[in-house]
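As a plain string of letters, each chain reads:
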Amino acid sequence: MQQSKKTVSIKDVAAYVGLSVGTVSMALNNSEKIAEKTKEIVKKAAEELGFKKNPFARSLSTQSSGMVGCIVPDLTNNFYGEMIAHLQHDFAELGYGLVVGCSNESSKMENKLIEQFLDKGVDGIITVPVSELNPELSEIKKLLNRDYPIVFISSYYREIPRYTVMCDLKDGMYKLAKEMLKQGHRNIVIVTGNKELVPSGERVEGLLKALEEYNIKLDESNFIQADKVTFIGGYSAINEIYNEKKPDLVLAINDIMAMGIISSLKSQKVKIPNDVSVTGFDDIAIAAFQETPLTTVSQSLSEMSKRAVKLLIDRINGKKKDFGVDRVCAEVVLRKSTRII
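Further remarks concern the pairing of strand β6 (residues 188-192). Successive side chains on a regular strand alternate, one facing one side of the sheet and the next facing the other. Counting buried residues in β6 gives five out of five residues, a clear majority hidden from the surface. Every second residue of β6 is oriented toward a common face, with Ile188, Ile190 and Thr192 on one face and Val189 and Val191 on the other, all of them buried. Where β6 lies against strand β7 (residues 223-225), three bridges are found, and the strand directions are parallel. Along β7, the bridge assignment pairs Thr192 with Gln225. Handedness of the β6-helix α8 (residues 198-213)-β7 crossover: right-handed.

Right, here's the structure in full:
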């Protein structure tokens, strides 16, 4: 007599046979990468447990669900909302649906979402790496070792500089900083996330390159690390340092932080850009429609999305066996938050 009518998931099958969710998923889908003996064990266990593939799962005949998983770290940041919109549009044009999850900047959550997506039988996964110094990457490495279709967008893990489409962050910040230096700014503060991580590290490299060309050295205290690369992170980071440094330019590593910085400065009766210029990075849609339109760097999300979608579809179709980091060109967008000194 059955004790429960609880739906059996692919995780239950994986636990039962002592294999990973990814291996079980591929075994159930007759992947050539899985040994026949393993397939037999997995299929027998699935039958014994009463496992049924859900509506999202791949059909055994086509081995395709027509669905792709997408993981972003922060749904409150407009940048990722716009990214999802571009990805959804580009995948839809190719007949794919998009399932979205939010990692909340946690590699543990990223791994959990990956498991859930594999459970649903998605054909591939596109993910934005989380901002952790020591992320748990064992599951992602296993997927890459099995050549499962996964692509990184907008950044990469330093341990895994592969299958990535992103903006040329270093060149983008270099172009922006050089333009600001041309306009006469010298007393510069940059508000970043952790410089050991790719998104902040590459932007800081771009700034240092521009400063070197002008033979300018900034004190280490001019590099401000925010707790989080969010509106509140920017607001808090500049709250005290402005009165100490009195910079003529504040560079933020993204637009949302820049907006927090501007809000904080205005609360102190500081005039933008008369007293200090402020720049962002990303060129999210609302950057142009602020009370003080924001000077920034365009990452060209539309181009990034097109390339990432093509790369993932190529991987799903077995066309890309190796791929490094594809960098999309960045362009400076000048608006009223900066001035010529």
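Cis geometry marks the peptide bond from Ile272 to Pro273, where omega comes out at 5 degrees. Looking at where Pro273 falls in the secondary structure, it is placed in the loop between α10 (255-267) and β9 (277-279). Positive phi outside glycine occurs at Ser154, with the angle close to 75 degrees. One can find Ser154 in the loop between β4 (150-153) and β5 (164-167). By relative accessible area, Ser154 is classed as buried at 9%.

The end-to-end C-alpha distance of helix α9 (residues 231-245), which contains 15 residues, comes to 21 Å, matching closely the 21 Å that a straight helix rising 1.5 Å per residue would cover. At Asn239, α9 shows its largest bend, some 35 degrees. Of the positions making up α9, those classed as buried are Gly233, Gly234, Ala237, Ile238, Ile241, Tyr242 and Lys245. Turning to α9, the residues buried within the fold contact β6, β7, β8 (249-252) and α10. Just downstream of α9 lies Lys246, where phi reads positive at about 45 degrees.

Of the two faces of β5, the one lined by Thr164 and Met166 and the one lined by Val165 and Cys167 are each fully buried. Examined bridge by bridge, β4 and β5 share two bridges and lie parallel to one another. Residue pairing in the sheet places Ile153 in a bridge with Val165 of β5. Relative to strand β11 (residues 325-328), β5 is paired through four bridges, and the arrangement is parallel. Each bridged residue has a counterpart across the sheet, and for Thr164 the counterpart in β11 is Val325.

Before going further, it helps to spend a moment on the side chain of Asp282. Tracing the backbone shows Asp282 in the loop between β9 and β10 (296-298). Here Asp282 falls in the buried class, since its relative accessible area comes to 6%.

Bringing helix α11 (residues 301-316) into the picture now. The terminal C-alpha atoms of α11 lie 22 Å apart, and with 16 residues this matches the ideal 22 Å at 1.5 Å per residue to within 8%. By the burial criterion, the buried members of α11 are Leu301, Met304, Ser305, Ala308, Val309, Leu311, Leu312, Ile313, Asp314 and Arg315. Among the residues trailing α11, Gly318 stands out with phi positive, at a value near 75 degrees.

This part is about the sheet that holds strand β2 (residues 97-102). The parallel open sheet is built from six strands, whose spatial order is β2-β1-β3-β4-β5-β11. Only two strands of the sheet have a single partner each, and these edge strands are β2 and β11. Within this sheet the neighbouring strands show an average axis-to-axis angle of 20 degrees, counted without direction.

Let's shift gears to the sheet that holds β8. Strand order across the open sheet formed by four strands is β7-β6-β8-β9, with parallel pairing between neighbours. Two strands bound the open sheet, and with one partner strand each, they are β7 and β9. In this sheet, adjacent strand axes meet at a mean angle of 20 degrees when their direction is disregarded. Sheet contacts for α10: β6, β8 and β9; angle to β9, the most-contacted strand, approximately 155 degrees.

Within this structure, the stated rule accounts for three aromatic pairs. Taken together, a centroid distance of 6.0 Å and an interplanar angle of 85 degrees make the contact between Phe152 and Tyr157 edge-to-face. The exposure class assigned to Phe152 is buried, which follows from its relative accessible area of 0%. Residue classification places Tyr157 among the buried residues on the basis of a relative accessible area of 4%. Its guanidinium or amino end placed over the ring of Tyr174, Lys209 lies 4.4 Å from that ring's centre, counting from NZ or CZ.

Reading the values: the criteria
Residues numbered from 1 in each chain as written. Predicted model: local features only at pLDDT ≥ 70, side-chain atom pairs only at ≥ 80, totals over all residues. Heavy atoms only, no water. Buried < 20%, exposed > 50% of the residue type's maximum accessible area, 1.4 Å probe, protein only. Helix = DSSP H or I, 4+ residues; strand = E, 2+ residues; numbered from the N terminus. Pairing = 2+ DSSP bridges. Right-handed = clockwise from strand over helix to strand, strands pointing away. Expected span 1.5 Å × (residues − 1). Bend = angle between axes of the 7 residues up to and from the residue. Contact = heavy atoms within 4.5 Å. Axes fitted to C-alpha atoms, helices over the stretch in contact; angles between N-to-C directions. Phe/Tyr/Trp six-rings, centres within 6.5 Å; stacked < 30°, edge-to-face > 60°. Lys NZ or Arg CZ within 6 Å of the ring centre and 35° of its normal.

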